[in-house]
Amino acid sequence: MRKTLFAAFATAALSVGATASAAPSPADITAANEAMRAFMAMRQGCGDKIVTALDVTPQSGGFALALGPQSNTPYTIYLEAVNVERQISGQGGKLNDADRLNGLQWKGRVSLVAKAAREIRIARGGNGPTGAWSQWHANVTLGYVDVEQRNGVWQTSVQTPQIAAYGRFGKLRRASCSEVPA
């Protein structure tokens, strides 16, 4: 079965966990912005889309299995998405006494969900396209960013399980807009 990846964002909205009707606090907004900054470090804005590239270089040997039918040909998966919503979950600024005494000021997770996302796979090495853009898919979770503020310093940890599934075979990189297929 073909692995599907999606990554990108065009305009971002913010919703806060179970209290979506309540206005987010300034700390929630700052946390969501920190999460987006960290997430976008390997992504590029191209017009109304954000794109990224995953270079897949199959290898033989070792303990990991080869990657499907394209196992002998290196390829790149371009991912694009639009209208990413940032959804906050976790404690936020509502911390217990021990957390506050340990310098924690904000802690939570920001999920990044695209309203629409798609991908294309292109063979590397002059062999030309190996596919066409997939159909757009709705409400695609692009990744998660664990965020905390401790002693005034924001720290983030980005998790993209679909990309991590490629392990040693895949290397995420920031794509230039000119290299992304039309």
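Residues numbered from 1 in each chain as written. Predicted model: local features only at pLDDT ≥ 70, side-chain atom pairs only at ≥ 80, totals over all residues. Heavy atoms only, no water.

Chemist: Can you walk me through the pattern of salt bridges in this structure?
Modeler: Close approach of charged atoms lets side chains of opposite charge pair. Per the counting criterion, the structure on display carries eleven salt bridges. The partner of lysine 49 in a salt bridge is aspartate 48, and the shortest N-O contact between them spans 3.2 Å. Residue arginine 150 is joined to glutamate 148 by a salt bridge in which the shortest nitrogen-to-oxygen separation is 3.2 Å. The class for arginine 150 is partly exposed, based on a relative accessible area of 29%. Taken together, the salt bridges that share partners define one network made up of Asp55, Arg124, Arg173 and Glu179. (Salt bridge = Lys/Arg side-chain N within 4 Å of Asp/Glu carboxyl O. Buried < 20%, exposed > 50% of the residue type's maximum accessible area, 1.4 Å probe, protein only.)

Chemist: What is the right way to read the packing of aromatic side chains from this model?
Modeler: How two aromatic rings sit relative to each other is set out by the distance from centre to centre and by the angle between their planes. By the definition in use, this model includes one aromatic pair. Centre to centre, the rings of tryptophan 106 and tryptophan 154 are 6.0 Å apart; their planes meet at 55 degrees, and the pair counts as tilted. Remark: tryptophan 154 occurs in strand E7 (residues 153-159) and tryptophan 106 occurs in strand E5 (residues 104-123); sequence separation between them is 48 residues. Positioned over the ring face of tryptophan 133 is arginine 118, at 4.2 Å from the centre of the ring. (Phe/Tyr/Trp six-rings, centres within 6.5 Å; stacked < 30°, edge-to-face > 60°. Helix = DSSP H or I, 4+ residues; strand = E, 2+ residues; numbered from the N terminus. Lys NZ or Arg CZ within 6 Å of the ring centre and 35° of its normal.)

Chemist: Could you clarify how one ought to interpret the state of the cysteines in this entry?
Modeler: Covalently bonding the sulfur atom of one cysteine to the sulfur atom of another cysteine gives a disulfide. Enumeration according to the criterion identifies one disulfide in this entry. Here cysteine 46 pairs with cysteine 177 through a disulfide, and the sulfurs are 2.1 Å apart. A torsion of -95 degrees about the S-S bond marks the disulfide between cysteine 46 and cysteine 177 as left-handed. Taken together, the positions of cysteine 46 in strand E2 (residues 44-46) and cysteine 177 in the segment after strand E8 (170-173) put the pair 131 residues apart, joining distant regions of the chain. When its relative accessible area of 17% is taken as the criterion, cysteine 46 is described as buried. (Disulfide = S-S within 2.5 Å.)

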